[in-house]
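Structure at a glance
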Amino acid sequence: MSNSADVTATLRTTPPAAATTQNAASSTGTSDASSPNSDKITTQYDPAQFPMPLTPTDPGWNDLAGIRDGPRMNATFVTLARNSDVWEIAKSIRHVEDRFNRRYNYDWVFLNDQPFDDLFKKVTTSLVSGKTHYGLIPKEHWSFPEWIDKDKAEKVRQDMKERKIIYGDSISYRHMCRFESGFFFRQELMLNYEWYWRVEPSVELFCDIHYDPFRFMHENKKKYSFVLSLYEYIETIPTLWDSVKKFIKNHPEHVAAGNSMGFLSDDGGDSYNRCHFVRPPHPIPPHPPFTNPLPVVQLRDRQPQLAPLQGLHRLL
């Protein structure tokens, strides 16, 4: 499906760069069109030749016109959305494109447990300056695993509903949390990338992003970033920390050196201090959209890790 000029004209004041040549990929992620960054992706470069303005006093801080020179990381935006979210995700895309991606042209992966319809593909493809891909989540990644006692689970949901606990009786929210914790980075489309930036429907960016966060994290050897940290709703996770401690005891080989235990616990891991990372990605279940999603991540070995700092992430 090619980009739609009439939708572009309706939804934005300035068409995204390369929008007239990019094609939307099918639900299997196949497409003949290439990403506008295909020839720019590299980690073999001299950062001094392509300086990034990190403060308002740096040269080039106000140079926000046109496509930014320099290398690109093997990175993508990723969004979990339904067809009914189309106009809310359109708002998010406009913010991200206008504040950042119109100068960098990174790809965008959309994931759904149902096939995306033509309207969703048409609108999102017209707005994204990079290449768009649409993935269908396998049922086994969006359902109860076979070892779950469904009767017990239903009783727990009903109890949480009666106690007015947030998302207490929501099945889809549980599927989403499970998917974001262990399956999103195993999707076929995500295997093509090293870094991702998660964007949810209805997010807003209120200022320009003057540099490439993917490059910044690569050059500074960062793996995760997150937006802010709130207190967790402890009623939603009554058994989580006990399960974490059991896992640590049984599998010390999976506990990374220099981890973030000191950020999550005030007593060396005996108890959880309710620190909840609000980002976009990885092992902590996401909350509803917040206003500023700076979410870059590198996924290492494509395995969930204890001590997950999140935001921009890497997917090695």
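1. Focus: the nonpolar core
Phe77, Tyr106, Trp108, Phe110 and Phe120 are the most contacted members of the largest nonpolar core, which has 29 residues in total. Those elements that provide at least two residues to this core are strand 1 (75–80), helix 2 (86–99), strand 2 (107–112), helix 3 (118–127), strand 4 (195–198) and helix 6 (213–219). A per-element tally of this core places helix 2 first, with five residues. With residues up to four places along the chain from it excluded, the contact list for tryptophan 108 reads Thr76, Phe77, Val78, Thr79, Ile93, Val96, Glu97, Val128, Lys131, Thr132, His133 and Val199. Judged by nonpolar contacts, the second largest core, of 16 residues, contains Val78, Val109, Tyr173 and Cys177.

2. Things to note about the packing of aromatic side chains
For the coordinates displayed, the defined rule picks out 22 aromatic pairs. Between phenylalanine 77 and phenylalanine 100, the ring centres sit 6.3 Å apart and the planes meet at 70°, which makes this aromatic pair edge-to-face. Taken together, the positions of phenylalanine 77 in strand 1 and phenylalanine 100 in the loop between helix 2 and strand 2 put the pair 23 residues apart, joining distant regions of the chain. Neither phenylalanine 77 nor phenylalanine 100 differs from the other in exposure class; each is buried. Judged by centre distance (5.3 Å) and plane angle (10°), the ring pair of phenylalanine 110 and tyrosine 134 falls under stacked. Placement of phenylalanine 110 in strand 2 and of tyrosine 134 in strand 3 (residues 132–136) is noted, with a sequence separation of 24 residues between them.

3. Side note on unusual backbone geometry
Phi is positive for asparagine 105, close to 60°, though the residue is something other than glycine. As for its placement among the helices and strands, asparagine 105 is situated in the loop between helix 2 and strand 2. Using a relative accessible area of 4% as the deciding quantity, one classes asparagine 105 as buried.

4. Notes on the pairing of strand 2
With respect to burial, strand 2 is a largely interior element, six of its six residues being buried. Side chains Asp107, Val109 and Leu111 project from strand 2 onto one buried face, and the interleaved Trp108, Phe110 and Asn112 project onto a second face that is buried too. Pairing of strand 1 with strand 2 involves five bridges; the strand directions are parallel. Bridging across to strand 2, threonine 76 finds its partner in aspartate 107. One crossover worth recording links strand 1 to the parallel strand 2 by way of helix 2, and it is right-handed. As defined by bridge partners, strand 2 adjoins strand 3 across five bridges and the pair is classed as parallel. Directly across from phenylalanine 110, in strand 3, lies its bridge partner tyrosine 134. With helix 3 bridging strand 2 and the parallel strand 3, this β-α-β connection has right-handed handedness.

5. Observations concerning the pattern of salt bridges
Under the defined criterion, the tally for this structure stands at eight salt bridges. Lysine 91 is paired through a salt bridge with glutamate 88; the nearest N and O atoms lie 3.4 Å apart. With lysine 91 and glutamate 88 both in helix 2 and three residues apart, this pair spans about one turn of that helix. Its relative accessible area of 46% is what places lysine 91 among the partly exposed residues. Overlapping salt bridges, with partners in common, bring together Glu180, Arg198 and Glu200 in one network.

Cut-offs applied
Residues numbered from 1 in each chain as written. Predicted model: local features only at pLDDT ≥ 70, side-chain atom pairs only at ≥ 80, totals over all residues. Heavy atoms only, no water. Core = buried A, V, L, I, M, F, W, Y, C linked by side-chain atoms within 4.5 Å. Buried < 20%, exposed > 50% of the residue type's maximum accessible area, 1.4 Å probe, protein only. Helix = DSSP H or I, 4+ residues; strand = E, 2+ residues; numbered from the N terminus. Contact = heavy atoms within 4.5 Å. Phe/Tyr/Trp six-rings, centres within 6.5 Å; stacked < 30°, edge-to-face > 60°. Pairing = 2+ DSSP bridges. Right-handed = clockwise from strand over helix to strand, strands pointing away. Salt bridge = Lys/Arg side-chain N within 4 Å of Asp/Glu carboxyl O.

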